[in-house]
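# Geometric and topological summary
Here is what each chain is made of, one letter per residue.
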Amino acid sequence: MQGKSEIIQLTQLLKKASHAVALTGAGMSTESGLADFRSPGGLWQGKDPMQLASFQAMQDNYGEFREFYLWRVQKLKEAAPHRGHQILAEWEKEGFLKAVFTQNVDGFHQQAGSKEVLELHGSLHRFSCVKCSASFSPEEFEKDVACAHCNGKLRPGVVLFGEGLPQKPWEEATRHLEQADFFLVVGTSLAVAPVNQLPLFFEGRGPQVLINRESPPLSSLFDLILQGSAGEILSQVNRILKKGSA
Ligand code: APR
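So, here is what we can say about the structure in this document. (Residues numbered from 1 in each chain as written. Predicted model: local features only at pLDDT ≥ 70, side-chain atom pairs only at ≥ 80, totals over all residues. Heavy atoms only, no water.)

## Considering the pairing of strand 6 (residues 154–158)
Quick note on the threshold: The rule is simple: take the accessible area with a 1.4 Å probe, protein chains only, and divide by the maximum for that residue type; under 20% is buried, over 50% is exposed, in between is partly exposed. Secondary structure elements follow DSSP: runs of H or I no shorter than four residues count as helices, runs of E no shorter than two count as strands, and numbering proceeds from the N terminus. Pairing between strands is defined by DSSP: at least two bridges between the two strands are required.
A large share of strand 6 lies buried, amounting to four of its five residues. Across five bridges, strand 4 (residues 122–129) lies against strand 6 in antiparallel orientation. What sits directly across from Ser123, in strand 6, is Gly157.

Printed below as a string of C-alpha cells:
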C-alpha cells in the first residue's frame, strides 16, 4: 500500500498542473465488478486472446468469438461505474483534469459524467456489420440478427488484436499529451502497444504518476507510483484536494 506522503504528493502535482490528463485501463473497472485481462482470474487467464479477441478469430471462429463478446455484453449490464470514475469526472468539471484516455470499452467514464473521454480501444456499446460496417446496437447483437442491408455478421466496436486503433481518438490523445504538463495513469499493465507508448511519448514533458495494484515493467518511467486500489487512492486524493490542505 502507498503511504500518506505519496497521496499528498499526487494531490499537489494535480493542483499544480494546468493541463492534466489521465490514461485508464481495465484496473479502473475491476472495482465495478468487471475482470481485467492479465491479473490472476483475468479474462486472459487460461485463454488465448488470439482465439477470442483477434480479427483472425472473428474470421475463422465466429461462433466462439461471438460467445465471448455476448458474455462480455451481459457482464457489462451487471456492472456500473464506481466512485473512482465519478472522481475523475468531478476533477474534469472542477478543472483539474482535461481529458481521460481509456483502453476500456465499458463506457463507465462517460456514464460517471466525464465529457472528454477518448476511447482508444473502441466501445462495447457499439456494434457493426463485418461486411458493410452498418451500425447496430448491443441488443441486436444479443438477438443474433444478421445485417439487414447485406446479411453480414455483427461485430463489437472494439479494437481486435491485429487491428489498428481508431485514428481520431488516438490523434486527439497525442494532441492532448503535446500540451499536457501532468499525466496520471491508472489501472493498466501497459502490456499493449501502441497505448503503452504514451508514457514514453510524455517522458520529459512533466511529472507522470501511476496508480496500479502492481508495479508493471514500464514503471521506471513514472516519477511516483501509488500501489493499491484505484478507487481507494483516488478517493484519498480527492478528500485532500477538497479539504484544500495539500
Ligand atoms: N486498482 C488498481 N489497479 C488495478 C486494480 C484496481 N482495483 N485492478 C487491477 N489493477 C491493475 C492490475 O494489477 C494490472 O496491472 O490493472 C492492470 C490491468 O492490466 P490488464 O489486465 O493488462 O488490462 P489493460 O492494461 O487495460 O490491458 C490493455 O489489453 O487485451 C487488451 O484490449 C485489451 O484494453 C486491453 C489491453
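Read on for the rest.
## Looking at the pairing of strand 7 (residues 182–186)
Among the five residues of strand 7, five are classified as buried, and the element is accordingly described as predominantly covered. The alternating pattern of strand 7 places Phe182, Leu184 and Val186 and Phe183 and Val185 on opposite faces, both of which are buried. Relative to strand 7, strand 1 (residues 20–24) runs parallel, the two sharing five bridges. From the neighbouring strand, Ala20 faces strand 7, where its bridge partner is Phe182. Relative to strand 8 (residues 208–212), strand 7 runs parallel, the two sharing four bridges. If you follow Phe183 over to strand 8, its bridge partner there is Gln208.

## Considerations on the site of the ligand
We count it as follows: Being near a molecule or strand, for a residue, means having at least one of its heavy atoms within 4 Å of it. Each polar contact in these results corresponds to two N or O atoms within 3.5 Å; when the atoms are within protein, one needs to be able to donate a hydrogen and the other to accept it, and residues that are neighboring in sequence are counted only if both atoms are side-chain atoms. The Shrake-Rupley method, run with a 1.4 Å probe sphere, supplies the accessible areas, and residue values consider only the shown protein chains as cover. Residues are said to line a cavity or pocket when one of their atoms sits within 4 Å of a point; the points come from a 1 Å grid over protein atoms alone, cavities being sets where a 1.4 Å probe fits but cannot get out and pockets being open sets with protein on both sides within 12 Å along at least five of seven lines. More than half of a molecule's atoms lying within 2 Å of a cavity's or pocket's grid points is what places that molecule inside it. Note on residue classes: Ala, Val, Leu, Ile, Met, Phe, Trp, Tyr, Cys and Pro are nonpolar, Asp, Glu, Lys and Arg are charged, and everything else, Gly too, is polar. Start and end positions for the domains come from either an automated domain assignment or a database one.
Neighbouring the ligand are 24 residues, the closest being Glu31, Phe37, Arg38, Thr188 and Ser189. One of the backbone N or O atoms of Gly187 is found 3.5 Å from an oxygen atom in the ligand. Within the side chain of Glu214, one N or O atom sits 3.3 Å away from an oxygen atom of the ligand. Burial of the ligand by the protein chains amounts to 96% of its free accessible area of 730 Å². Most atoms of the ligand, that is more than half of them, are within 2 Å of grid points of the largest pocket. In the shell around the ligand, the residues fall into seven nonpolar, 12 polar and five charged. Shared between two domains, the shell around the ligand holds at least three residues of each, these being domain 1 (1–34 + 81–121 + 164–246) and domain 2 (35–78 + 123–158).

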